Amino acid sequence: MFSILQRTSQQSRSNLARGPVRQYLGGMVTPSVATAAPSFSSLLQNSTISNHNNISLDQQVRHRSNRSRRGLYDGVDIRFGNRVSFSEKKTRRKFKPNVFKKRLYSEILDEMIRFHVTAKALRTIDKYGGLDNYLLHNKHIKDGEGEGGAAKARIQEVLEQRREERRQAAMAAAQPESEDGEAKMETKQQ
């Protein structure tokens, strides 16, 4: 197959427009020759088309750095911009998040847990009413991903154990009452 640069100048622009078109087929990008490329809106209406991560094309996925996946960053990540001098000469620079190591208290686990945490995440933790609520309900904490995901999994495990203990205690409390009730009925009958 010829690339666009290798085509001869004798070919018209309309032939160039009908050149190789890449189509999504089951998550793979394969080159094929087509007379007209499908419009983006028709691709979006086709719900079977998706990328290699099994995310539909109409969903927008934001890239997160590996560094921000490790700790409690609350969506903050490295950003880029310009340093502008007095002469208005622009040079590229990074805006790094305000990250520090901090030990936070979990009421459910009843222990202090060390996190890499941003200042924004600390304000959000206060807003949620504590570390446990933040870990369980915040959209930035993924299960099993980094420090936050590991702590979330531990909290969910403890909560499940407590639910199971309460359910067993309720069942145990209900059973002796019925036995006592039967015993009272027997004594009344005698």
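Please read these numbers as outputs of a predicted model, since none were measured by experiment.

Asker: How should the environment of Lys102 be read in this particular structure?
Answerer: Within the fold, Lys102 resides in strand β5 (residues 99-106). Every residue in contact with Lys102, bar those within four places of it in the chain, is listed here: Ile113, Arg114, Phe115, Val117 and Leu122.

Asker: What's the story with the packing of aromatic side chains in this structure? I'm lost.
Answerer: Any aromatic ring pair is given by two values, namely how distant the centres are and how the planes are angled relative to each other. Throughout the structure, instances matching the rule amount to one aromatic pair. On the basis of an interplanar angle of 80° and a centroid distance of 5.8 Å, the ring pair of Tyr128 and Tyr134 is categorised as edge-to-face. We classify Tyr128 as partly exposed; its relative accessible area is 32%. Over the aromatic face of Phe95 sits the side chain of Arg93, whose NZ or CZ is 3.8 Å from the ring centroid.

Asker: Explanation requested: the side chain of Thr124 in the structure shown.
Answerer: Residue position: Thr124 is located in helix α4 (residues 119-128). For Thr124, the contacting residues outside a window of four places in its chain are Asp74, Tyr134 and Asn138.

Calculation rules
- Residues numbered from 1 in each chain as written.
- Predicted model: local features only at pLDDT ≥ 70, side-chain atom pairs only at ≥ 80, totals over all residues.
- Heavy atoms only, no water.
- Helix = DSSP H or I, 4+ residues; strand = E, 2+ residues; numbered from the N terminus.
- Contact = heavy atoms within 4.5 Å.
- Phe/Tyr/Trp six-rings, centres within 6.5 Å; stacked < 30°, edge-to-face > 60°.
- Buried < 20%, exposed > 50% of the residue type's maximum accessible area, 1.4 Å probe, protein only.
- Lys NZ or Arg CZ within 6 Å of the ring centre and 35° of its normal.

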